[in-house]
Amino acid sequence: MEVKTSLLDNMIGVGDMVLIEPLSEDTFIENLRKRFEHNEIYTYIGSVVISMNPYKSLPIYTAEKVEEYRNRNFYELSPHIYALADEAYRSLRDQDKDQCILITGESGAGKTEASKFVMSYVAAVCGKGQEVNKVKEQLLQSNPVLEAFGNAKTVRNDNSSRFGKYMDIEFDFKGDPLGGVISNYLLEKSRVVKQPRGERNFHIFYQLLSGASDDTLKKLKLDRDFSKYNYLSLDSATVNGLDDAACFRTVRNAMQIVGFMEDEVQSVLELVAAVLKLGNLEFKPESRCNGFDESRIKDKNDLKEMCELLGIEQSVLERAFSFRTVEAKMEKVSTTLNVAQAYYARDALAKNLYSRLFSWLVNRINESIKAQTKSRKKVMGVLDIYGFEIFENGDNSFEQFIINYCNEKLQQIFIELTLREEQEEYIREGIEWTNIEYFNNAIICDLIENNKNGILAMLDEECLRPGTVTDETFLDKLNTVCAEHQHFESRQSKNSKFLTDHSLPHNCFRIQHYAGKVLYRVEGFVDKNNDLLYRDLSQAMYKANHSLIKILFPEGNPAKVNLKRPLTAGFQFRASVGTLMKNLLTKNPNYIRCIKPNDKKAAHIFTDSLVCHQVRYLGLMENVRVRRAGYAFRQAYEPCLERYKMLCKQTWPHWKGPAREGVEVLLKNLQVPAEEFAYGRSKIFIRNPRTLFFLEEKRRQCLEDLATLIQKIYRGWKCRTHFLLLKKSQVVVAAWYRRFAQQKKYQNIRSSALVVQSYIRGWKARKLLRELKHKKRCEEAVTTISAYWHGTQVRREYRKFFRANAGKKIYDFTIQRIMQKYFMGLKKTMPSMSPVDKSWPARPYGFLDGMHQELRRIFHLWRCKKYRSQFTEEKKATYEEKLAASELFKDKKALYPSSVGQPFKGDYVEITKNPKYQKLNSLVEDKVLLADVVSKINRANGKGAPRIFLLTKKSLVLADQKTGQVKASVPLLDLSSVSVSTQSDGFFALKLKEGSTSAAKGDFLLSSDRLIEIITKLHRIGAASAERNQINIDISDEFLVQFKQDKVCVKFIPGTPKNGNGVACKRKNNRLLEVSVPSP
Ligand SMILES: Nc1ncnc2c1ncn2[C@@H]1O[C@H](COP(=O)(O)OP(=O)(O)OP(=O)(O)O)[C@@H](O)[C@H]1O
Ligand SMILES: [Mg+2]
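- The name given to the protein in an unreviewed UniProt entry is Unconventional myosin-Ib, and the organism recorded there is Cyprinus carpio.
- Looking at the Function (unreviewed entry) heading of the UniProt record, one finds this comment for the protein: "Motor protein that may participate in process critical to neuronal development and function such as cell migration, neurite outgrowth and vesicular transport."

## Points about the environment of L956
So, step 1. With respect to the helices and strands, the residue L956 is situated in strand β22 (residues 955-960).
So, step 2. The exposure class of L956 is buried, given its relative accessible area of 1%.
So, step 3. It is 25 Å that separates the C-alpha atoms of L956 and K876, two residues lying 80 residues apart in sequence.
So, step 4. The residues contacting L956, other than those within four sequence positions of it, are F949, L950, L951, A968, S969, V970, L972, L975, L990 and L1018.

## Re the sheet that holds strand β17 (residues 633-636)
So, step 1. Pairing in this open sheet of 3 strands is antiparallel, and the strands run β17-β19-β18 from one edge to the other. Looking at strand neighbours, the two that pair on one side only are β17 and β18 (677-679), the edges of this open sheet. Direction aside, neighbouring strands of the sheet carry axes that sit 20° apart on average.
So, step 2. Pairing of β17 with strand β19 (residues 683-686), which is carried by 4 bridges, proceeds in the antiparallel orientation. Paired with F633 across the bridge in β19 is I686.
So, step 3. Where helix α25 (residues 659-669) meets the sheet, its contacts fall on β18 and β19, and the angle it forms with β18 comes to roughly 155°.

## Quick word on the state of the cysteines
So, step 1. Summed over the entire model, instances satisfying the criterion amount to 0 disulfides.
So, step 2. We note that C612 lacks a disulfide partner, and the nearest cysteine sulfur, in C594, lies 18 Å from it.
So, step 3. There is no disulfide at C702, and the cysteine sulfur nearest it, in C648, is 9.9 Å away.

## What about helix α26 (residues 689-802)?
So, step 1. Taking 1.5 Å per residue, 114 residues should reach 170 Å; α26 reaches 156 Å between its end C-alpha atoms and fits that length.
So, step 2. Largest kink in α26: about 40°, centred on R796.
So, step 3. Its buried side turned inward, α26 meets α23 (620-629), β17, α24 (637-644), α25 and β19.

## Observations regarding the packing of aromatic side chains
Pairs of aromatic rings are described using the distance from one ring centre to the other and the angle between the two planes.
So, step 1. Evaluation of the coordinates by the stated rule reveals 38 aromatic pairs.
So, step 2. With 5.9 Å between their ring centres and 75° between their planes, F509 and F525 make a pair best called edge-to-face. With F509 in strand β14 (residues 508-513) and F525 in helix α18 (residues 525-530), this residue pair connects regions lying 16 residues apart in the sequence.
So, step 3. By relative accessible area, F509 is classed as buried at 0%.

## Looking at the site of ligand 1
So, step 1. Taken together, the neighbourhood of ligand 1 is formed by 18 residues, with S107, K111, T112, S160 and S161 sitting nearest.
So, step 2. A distance of 2.7 Å is found between an oxygen atom of ligand 1 and a backbone nitrogen or oxygen belonging to G108.
So, step 3. In the environment of ligand 1, an oxygen atom lies 2.5 Å from a nitrogen or oxygen atom belonging to the side chain of S160.
So, step 4. Compared with its free state, where it exposes 620 Å², ligand 1 has 86% of that area covered by protein.
So, step 5. For the shell around ligand 1, the elements supplying multiple residues, two or more each, are α4 (111-125) and β5 (160-161).
So, step 6. The greatest single-element share of the shell around ligand 1, amounting to 4 residues, is contributed by α4.
So, step 7. Grouping the constituent residues of the shell around ligand 1 by class yields 5 nonpolar, 9 polar and 4 charged.

## A look at the coordination of the magnesium ion (ligand 2)
Octahedral metal centres with six donors ideally show angles of 90 or 180 degrees, and tetrahedral centres with four donors ideally show 109.5 degrees.
So, step 1. Taken together, the protein donors to the magnesium ion (ligand 2) comprise T112 (OG1) and S161 (OG), at separations of 1.9 to 2.0 Å. Linking T112 in helix α4 with S161 in strand β5, this pair joins segments that are 49 residues apart in sequence. For the pair T112 and S161, one class covers both residues: buried.

## Observations concerning the sheet that holds strand β21 (residues 944-951)
Remark on secondary structure: sheet strands pair via backbone hydrogen bonds, oriented parallel or antiparallel.
So, step 1. Taken in spatial order, the 8 strands line up as β23-β22-β21-β20-β26-β25-β24-β27 in an open sheet, and their pairing is mixed. Here the strands that pair on one side only, and so sit at the sheet edges, are β23 (966-971) and β27 (1032-1035). Across the sheet, the mean angle separating the axes of adjacent strands is 30° when strand polarity is ignored.
So, step 2. The pairing of β21 with β22 spans 5 bridges and is antiparallel.

## Structural notes on the pattern of salt bridges
So, step 1. Within the structure shown, the criterion is met by 63 salt bridges.
So, step 2. Of the charged contacts, one joins R33 and D608 as a salt bridge, the two residues approaching to 2.9 Å between their closest N and O atoms. Of this pair, R33 sits in helix α1 (residues 25-37) while D608 sits in helix α22 (residues 608-617); the two residues are 575 residues apart in sequence, bridging distant segments of the chain.
So, step 3. The class for D608 is partly exposed, based on a relative accessible area of 35%.
So, step 4. Of the charged contacts, one joins K153 and D158 as a salt bridge, the two residues approaching to 3.6 Å between their closest N and O atoms.
So, step 5. When its relative accessible area of 25% is taken as the criterion, D158 is described as partly exposed.
So, step 6. Residues participating in the shared-partner salt-bridge network are E30, R33, E37 and D608.

## Looking at the packing of helix α7 (residues 203-211) against helix α10 (residues 262-279)
So, step 1. Closest axis-to-axis distance for the α7/α10 pair is 11 Å, and the angle between their directions is 105°. As judged from the angle between their axes, α7 and α10 are roughly perpendicular. Counting all contacts with α7, which are made through I204, F205, L208 and L209, the residues of α10 involved are L269, V272, V275 and L276.
So, step 2. In terms of residue class, the contact of α7 with α10 is made up of 8 nonpolar, no polar and no charged.

## A word on the nonpolar core
So, step 1. By size, the foremost hydrophobic cluster in this structure holds 213 residues, and its most contacted members are F149 and F509.
So, step 2. Counting residues per element, this core draws most heavily on helix α13 (residues 339-369), which supplies 15 residues.
So, step 3. Every residue in contact with F149, bar those within four places of it in the chain, is listed here: F202, I204, V268, V272, Y354, L357, F358 and L361.
So, step 4. Grouped together as the second largest cluster of nonpolar side chains are 30 residues, A885, V934, L972 and F988 included.

## Structural notes on the environment of K927
So, step 1. Topologically, K927 is positioned in the loop between α31 (918-923) and β20 (930-937).
So, step 2. Given the relative accessible area of 66%, K927 is considered exposed.
So, step 3. The sequence separation of K927 and L950 amounts to 23 residues, and the corresponding C-alpha distance is 9.9 Å.
So, step 4. Other than its neighbours up to four places away in sequence, K927 contacts L951, T952 and K953.

## Overview of α13
Given 3.6 residues per helical turn, the α-helix brings residues three or four places apart onto the same face.
So, step 1. For α13, with 31 residues, the first-to-last C-alpha span of 45 Å sits near the 45 Å given by 1.5 Å per residue.
So, step 2. Within α13, 22 of the 31 residues are buried, leaving the element largely enclosed by the surrounding structure.
So, step 3. Two or three places before A340, at the opening of α13, N338 has a side-chain oxygen 3.2 Å from that residue's backbone nitrogen.

## Remarks on the packing of helix α16 (residues 455-464) against helix α17 (residues 471-481)
So, step 1. Look at α16 against α17: their axes get within 10 Å of each other, and the N-to-C directions meet at 135°. Taken together, the axis directions place α16 and α17 in an arrangement best described as oblique. Relative to α17, the crossing made by α16 is right-handed. In contact with I455, M458, L459, E461 and E462 of α16, α17 contributes T473, F474, K477, L478 and V481.
So, step 2. Residues belonging to the contact of α16 with α17 are distributed by class as follows: 6 nonpolar, 1 polar and 3 charged.

## Some details on unusual backbone geometry
So, step 1. Cis geometry is found at the peptide bond from E21 to P22, where omega equals -5°.
So, step 2. On the secondary structure map, P22 appears in the segment before α1.
So, step 3. Here the residue pair W652 and P653 is connected by a cis peptide bond, since its omega of 0° sits within 30 degrees of zero.
So, step 4. With respect to the helices and strands, the residue P653 is situated in the loop between α24 and α25.
So, step 5. We note that Y55 has phi near 50°; this positive angle belongs to a residue other than glycine.
So, step 6. Considering the arrangement of structural elements, one finds Y55 in the loop between β2 (48-52) and α2 (63-69).

## Things to note about the side chain of S322
So, step 1. Along the polypeptide, S322 turns up in the loop between α12 (314-320) and β10 (323-328).
So, step 2. You can call S322 buried: its relative accessible area is 5%.
So, step 3. At 3.1 Å, the side chain of S322 forms a polar contact with the backbone oxygen of S295.
So, step 4. Engagement of the side chain of S322 in a polar contact is seen with the side chain of R296, the distance being 3.4 Å.
So, step 5. Ignoring any residue separated from it by four or fewer positions in sequence, one finds S322 in contact with E294, S295, R296, T335, T336 and L337.

Rules used in this analysis
Residues numbered from 1 in each chain as written. Chains lettered and ligands numbered in written order. Predicted model: local features only at pLDDT ≥ 70, side-chain atom pairs only at ≥ 80, totals over all residues. Heavy atoms only, no water. UniProt positions renumbered as here; feature names shortened; annotations may be inferred. Helix = DSSP H or I, 4+ residues; strand = E, 2+ residues; numbered from the N terminus. Buried < 20%, exposed > 50% of the residue type's maximum accessible area, 1.4 Å probe, protein only. Contact = heavy atoms within 4.5 Å. Pairing = 2+ DSSP bridges. Axes fitted to C-alpha atoms, helices over the stretch in contact; angles between N-to-C directions. Disulfide = S-S within 2.5 Å. Expected span 1.5 Å × (residues − 1). Bend = angle between axes of the 7 residues up to and from the residue. Phe/Tyr/Trp six-rings, centres within 6.5 Å; stacked < 30°, edge-to-face > 60°. Near = heavy atom within 4 Å. Polar contact = N/O pair within 3.5 Å; in protein donor to acceptor, adjacent residues only side chain to side chain. Areas by Shrake-Rupley, 256 points an atom, 1.4 Å probe, with all protein chains shown as cover. Nonpolar A, V, L, I, M, F, W, Y, C, P; charged D, E, K, R; others polar. Donors = N, O, S within 2.8 Å, 3.2 Å for Na, K, Ca; no water. Salt bridge = Lys/Arg side-chain N within 4 Å of Asp/Glu carboxyl O. Parallel < 35°, antiparallel > 145°, perpendicular 65-115°, else oblique. Core = buried A, V, L, I, M, F, W, Y, C linked by side-chain atoms within 4.5 Å. Left-handed = near helix turned anticlockwise from the far one by under 90°.

This is the structure in structure tokens:
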């Protein structure tokens, strides 16, 4: 739903000055201040928009704002320039009414900005499309170009427009822009040659020097340094926040968009450069023979460069600065120019060059933005023209006079149009017209523009008059002609009341403008009005070989010499203002009145006196008064009824009849006095703002009551909804709870029933079981009793049959069973087949003891036999030998146990293989049974010497260990016995049979670790041989040995620790050899 709002909503102060109550200058300014402080820079006076310059950017020009104001009624939203633009555009588009937007205000009040906002708004809301967008873009981009050439920094405004501008934007029947036409008014060309303190020349000069590339500057023969040019003021060459270089790029870009050709841009820049060069020309006097001074150019370099730039012959221009040709009635008279005249001529040329260039630019832009169609167009004109200008100290000159004249004219059409509009509306609405008292400034306009005796006419007359014409003569003329005029004041006028007015200097006159009195100094009026450019100069310019210059100075064409004086500036301006006014009168006017809040270009400062001054000369109070003269406020019936219908029961909430009747009922009901309002055809007219505020106040109160009512109903509704929800929830919860409780109860009952049931069933079952058990037991008892009884009967009957041999049978059977079990058990627990395994299962019964041992023995024998049967012959012989050794020495000699583990290898020296013993081996005939190294004990000292001991079947041989040389060879037959000790030593004595051949040398006492093997082998040879007796083996710790003739006793004694661990043999005396053997 669209929200209906009104200007009257959320007002800061009042949005429309018409509603101000009470109306006075103070309340007016206070309202402006209040709104300004809240950034509400726009305020209405009816349909006029007052715009305060905020001097800061406000977020009120966004695309969203455009959308907000688009297609809304003027009073629907808070005041805004967009509302005015929208109103104008819509009535142009929908009602086919041409529009003009008149923007006025003093310098720096924001006129140019306002015109741009209006243009950008219209561009945003009007149609779109490639062609339309191009037109829009060209229209918008004409601004930067014109601003660069026509704007300058002044003390009042950093971007002050130094020309008046009126732009007609043309639309087709749909409201799409087609093109435009720009008119310019009175460029302030004096600025080109001289600028007031703190101000600058036109922007383009600075932009060109800062922004052009080095190359361009070189082409234009310019230097980047501003100080090189006389026409550029230096004290404010740079402006804060203004980037001239960037602006130059923008301007060039804009020129391109608008449609300037590259060579046109170049020509324009050449002209700008030429103006700068012109300013640098200086003159010096040169005496002539006729006694007059003639001016000469001092430094011709600048002139040369300028002429090169413009394609002018240097001598022609040089001459034009020294001579002046006066033509009258076919006569040509050439006079010299003095230095002052030369400077005057130079400046006049510069000013003309620049102002004509500016006009050419405007025409060139117009050519580009011209609508391409010839069909009827709707037009919206935007006028951005200098506002009323009053300088303090009476420093007002010709320009101010012209400007103020223009503003008088504008004020006139403003009053005329406002009143006309007001009157038209009254007629339209059928309301009686009451005459409105207001000040009509037509009389002032007449004072200035009257063809007969108007000030401008006087001035022209004076300028054209032959004879000496000065500003003073002009003032004199005014003093006589205008003396009687009530708005003209001069000290020397015939009106004697000013004779003593010291605020009015003698060289001034004062005009009482509608906006206040302005003192004009006559100095320069004549010159400025004449605006003379010596013909020689225009002719020199025409001769230039430069396309643009030629066009700018058509009067220089010698073929079209016109001896008539050119039109004066005043005349031209009056004519163009006249055209403008005519043009404006055909259009529906929309006013934007710009006000600047302070002189400091600062945000937030509101200077009452300054604003008051502007309010006065903009005639705003007058404006409000005119607007309020009849009826202060008017509104269509529908929105009025919509807004106030809540004030009356009959109209609230809906009125069924026509809106007008509704409003009538409403006002009657509210008892508003009948003289306070009038009913128009479509609108209600309210005479006094008080009535409106009464309605507003009532509405506010009513809205509060309504709000309370709505609040009450809403709260009631909310609480009830909440309550119903709670109730519904409660029912749901209760239902669920009940269900749950019943479920629980049922489950309890069910489980109790099951318990009771199971108990009963259990009890019943147990009872039955008991009965069954009892029955069964009875049956069993019967069976048992009968069995016993039967058994007893049988036993009693058969006892006599089995008692006699049952014992033996049972015994045999038992024994048999026991034996069977014994053997089966033994079979399972048999020990291993190893002969050394001593284990044997325990016997189960004592009576089997004998048999058990016997079985063990048999088993052992059997497994020994089994073991033996695996032996080879060789191994068997070895074991036999080992057995023989055990029989001989076991438990008899302590050395024996150490020999058990040694294999009886026999040949330890490998006699057959060792080449050392080859000879020895060959000497032995039989197979060597044993070959080892033994110690032969020296009989004399008991020390041992190593000998090879060889044993064959027949003999034993002792040989040298090193050489293998046989030391002794003894046939075994000669051997009678062998003596060894009982201890762990290796000593053995080989005793020889007495009388044998070998015995001659005596017995041998030898020692060997392998004694057991040696003796066993020796003994076994004896046992095996038939012819020899078995060799006796004598084991004792003391035995006799035959050493040659002596018998020596060899005694073995236990070793003492002193002797160490080894066996020691010592000859004690002739008869005793003591061998100490360490105890094991
Ligand atoms: N609505 C605005 N919002 C923000 N700044 C503004 C607004 N209007 C004006 N200004 C500021 O004030 C300066 C002066 O405005 P503008 O050039 O429009 O004045 P003017 O009335 O055209 O003056 P002149 O008569 O000298 O040309 C602008 O450069 C801008 O900084
Ligand atoms: Mg401006």
